[in-house]
Amino acid sequence: MKKALVFYLYGCRNAGDMAICLGLIEVLKKQNYDVTFVSRFGDAEPEYIRSCEYIHSYYPQVNVKPGIFKFDREGSVSQKLLSYMHGLCKVVNPVKDKRIKELIAKSDVVFFNGGNLLRADKWADYLRLCALFYPINMAYKAKKNIICMPQSTAQINKIGHFLLNRYLKKFDQIYIRESDSYQKISDTFPHIRFKKSTDLAFFIRDNDHAAVCFRQKYPDLINKKKSNVALILRHSGIGDIGLLPEERRRVLMKVLRRFIVDHPENAYRIVVQTEKDRAVSSAFIGMLPKETDVKLVEEHDAFLLRELYKQMQFTVSMRLHACILSLSALTPVIGIFDHAWGLKNSGILSDFAMPFVFPQNTDCVDINDLVRQLPASEMIDAKIKKYADALLNLEEDIEHEK
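Starting from 1, residues in each chain are numbered consecutively following that chain's sequence as written. Given that this is a predicted model, residues contribute local features only at a pLDDT of at least 70 and side-chain atom pairs are listed and counted only at 80 or more, while totals for whole chains, interfaces and linings are drawn from all residues. Hydrogens and waters are ignored; side-chain quantities use all the structure's heavy atoms.

1. Quick look at the environment of Leu 118
Think of it this way: any DSSP run of H or I at least four residues long counts as a helix, any run of E at least two long counts as a strand, and we number them from the N terminus. Structurally, the position occupied by Leu 118 is in strand 5 (residues 115–120). Put simply, Leu 118 and Leu 129 are eleven residues apart on the chain and 8.4 Å apart in space, counted from C-alpha to C-alpha. Only heavy atoms matter for contacts: two residues are in contact if any of them lie within 4.5 Å across the pair. Beyond its immediate stretch of four places on either side in the chain, Leu 118 contacts Phe 133, Gln 151, Ser 152, Thr 153, Ala 154, Ile 156, Leu 164, Leu 168, Ile 176 and Ile 185.

2. Examining the pairing of strand 13 (residues 333–336)
Burial here depends on accessible area, computed with a 1.4 Å probe over protein chains only, as a share of the maximum for the residue type. Under 20% is buried, over 50% is exposed, and the range in between is partly exposed. With burial as the criterion, each face of strand 13 is covered, one bearing Val 333 and Gly 335 and the other bearing Ile 334 and Ile 336. Strand direction decides the pairing type here: strand 12 (residues 314–317) and strand 13, joined by three bridges, are parallel. Along strand 13, the bridge assignment pairs Thr 315 with Val 333. The handedness of a crossover follows from its direction of travel: if, with the strands pointing away from the viewer, the path from the first strand over the helix to the second runs clockwise, the crossover is right-handed. With helix 13 (residues 320–328) bridging strand 12 and the parallel strand 13, this β-α-β connection has right-handed handedness. Summarising the sheet, strand 13 and strand 14 (residues 356–357) pair through two bridges and their orientation is parallel. Here, a strand pair is defined by DSSP locating no fewer than two bridges between the strands.

3. Remarks on the sheet that holds strand 13
Pairing between sheet strands relies on hydrogen bonds along the backbone, with the strands arranged either parallel or antiparallel. Spatially, 11-10-9-12-13-14 is the arrangement adopted by the six strands of the open sheet, whose pairing is parallel. Lying at the two open borders of the sheet, with one neighbouring strand each, are strand 11 (294–298) and strand 14. As paired strands, strand 9 (residues 228–232) and strand 12 are joined by four bridges and run parallel to one another. Within strand 12, the residue paired with Ile 232 across the bridge is Ser 317. The convention used is that axes are lines fitted to C-alpha atoms, helices contributing only their stretch in contact, and that angles between N-to-C directions extend from 0 to 180 degrees. Strands in contact with helix 12 (residues 302–310) are strand 9, strand 10 (267–272), strand 11 and strand 12; relative to strand 10, the strand with the most contacts, it is inclined by about 165 degrees.

4. Examining unusual backbone geometry
Note the cis peptide between Phe 7 and Tyr 8, where omega equals 20 degrees. Checked against the element boundaries, Tyr 8 lands in strand 1 (residues 2–9). Despite not being glycine, Lys 143 shows a phi value in the positive range, around 60 degrees. Assignment of secondary structure puts Lys 143 in the loop between helix 6 (134–141) and strand 6 (145–156).

5. A closer look at the state of the cysteines
What counts as a disulfide here is a pair of cysteine sulfur atoms lying within 2.5 Å. In total, this model carries zero disulfides according to the counting rule given. With no disulfide of its own, Cys 21 lies 8.8 Å from the sulfur of Cys 12, the closest cysteine sulfur.

6. What about the packing of aromatic side chains?
Only rings of Phe, Tyr and Trp enter the pairing, Trp through its six-membered ring, and a pair is recorded when the two centres are within 6.5 Å. The plane angle decides the type: under 30 degrees is stacked, over 60 is edge-to-face, the rest tilted. One pass over the structure, following the stated rule, counts 18 aromatic pairs. Measuring from ring centre to ring centre gives 5.5 Å for Phe 7 and Tyr 8, while their planes differ by 70 degrees; the resulting arrangement is edge-to-face. For Phe 7, a relative accessible area of 0% gives the class buried. Centroid distance Tyr 33 to Phe 111: 5.7 Å. Interplanar angle 90 degrees. Geometry classified as edge-to-face.

7. Observations regarding helix 11 (residues 278–285)
Every buried residue of helix 11 is listed here: Val 280, Ser 281 and Phe 284. Projected down its long axis, helix 11 carries its buried residues within an arc of 100 degrees, all on one side. Tucked inside the fold, the buried residues of helix 11 contact strand 9, helix 10 (246–262), strand 10 and strand 11. Arc, as used here, means the arc of the directions from the helix axis to the C-beta atoms.

8. Comments concerning the pattern of salt bridges
When a carboxyl oxygen of Asp or Glu lies within 4 Å of a side-chain nitrogen of Lys or Arg, that pair is called a salt bridge. According to the stated counting rule, one finds 25 salt bridges in the structure shown. The salt bridge partner of Glu 299 is Lys 217, with a shortest N-O separation of 2.7 Å. With Glu 299 in the loop between strand 11 and helix 12 and Lys 217 in helix 9 (residues 208–217), this pair connects stretches of sequence that are 82 residues apart. What makes Glu 299 buried here is its relative accessible area of 6%. On the basis of relative accessibility, which here comes to 48%, the residue Lys 217 falls in the partly exposed class. With its nearest N and O atoms 2.8 Å apart, the salt bridge here joins Arg 319 to Asp 277. Taken together, the residues Arg 319 in the loop between strand 12 and helix 13 and Asp 277 in the loop between strand 10 and helix 11 connect sequence positions 42 residues apart.

9. Section: the nonpolar core
Note that soluble globular proteins tend to have their nonpolar side chains buried in a common cluster. Phe 111, Met 149, Leu 168, Leu 231 and Tyr 309 are the most contacted members of the largest nonpolar core, which totals 135 residues. Among the elements that make up this core, the one with the highest residue count is helix 1 (residues 15–30) (ten residues). Within this scheme, the nonpolar core is defined by two criteria: the residues are buried Ala, Val, Leu, Ile, Met, Phe, Trp, Tyr or Cys, and they are joined through side-chain atoms within 4.5 Å.

10. Quick word on helix 2 (residues 46–58)
In a helix, the anticipated span is given by 1.5 Å times the number of residues less one. With 13 residues, helix 2 extends 19 Å from end C-alpha to end C-alpha; this agrees with the ideal 18 Å at 1.5 Å per step. What helix 2 keeps buried is the set Glu 47, Tyr 48, Ser 51, Cys 52, Tyr 54, Ile 55 and Tyr 58. Projected onto a plane normal to the axis of helix 2, the buried residues spread over an arc of 165 degrees and lie on a single side. Among the exposed residues of helix 2, those oriented more than 90 degrees off its buried face are Pro 46 and Glu 53. Where the residues of helix 2 are buried, they touch strand 1, helix 1, strand 2 (33–39), strand 3 (63–65), helix 9 and helix 12.

What follows is the structure, given as structure tokens:
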């Protein structure tokens, strides 16, 4: 069996991050790979233990190894700074990392996991890129085949361009997960070949165990007498770093509240699938009329979230992977986005012909107009199959590039 080494396994705080990992496992399993992940977290960090337990609950055959660097976005400013400096020192003056070197040597192909990492316009981004691509340099020197799984891009300044250009040239194949990013990154790096695909979370499949768990865990969640609508709120900036400006946050909430007030006949389920969305979701419920049929659901298991979205008439989301998990369950979505979140949101929804809006341009947004634009589930299924095909012949793509 071929051996795949993947940098990195993400954590469970954000269900979208873990959904990418689950989809990648499915992609590699179909192509007969034995899968080993290197975690984003060190072995002493709670998120490493938590993510290992979660992966093994669904895929006991998948191997997970501790990460190279210790970095927690939830830590204090001083803790983050120390983590950045430690990582930079290791990259600038590397010692022989025997553990990672041996893992690379035993692998047939090295994969860089999908996400929204091909962006760089500030110092934190530069340091992050140096750390994340550290093992890719090792794999390149070891003459391994290296594949970058579907990524998006955002702002890239001159320094970021220099760094990314140096790293991207080392891949045998680079997949991009949506049209907007594909166009921008192809224009930015015209000498590098990219291939259009889609987000890895679309490869998650129905899971019988998850279906049973969902019914047991949420026996009264679905109102069978009404149309159920899922809402996913967000206040944070790109990469979940910091908050959007207050006025833009206010407009986002105003648009959603107006729709709910205008349609009291629906049952609304406010879904928290990222820990940072908990506070804003709870506060939003307090803004609604008391008679509203609304429930708060916090769930971080991507399989259970798919089961939830299956029960919805449609989903209104500020989170990309809520959109993707909903679409993968053939439930249409409406995107409510901020430009600060980059190209990934509009890119994915454009690819799937789903309506979306940026309310910061105007707060006179009528979600009813967007509801009328929602396509049938058959069209969603056809789009998924179309874009998924690009990732189902990884070795052929490598050979073609060579």
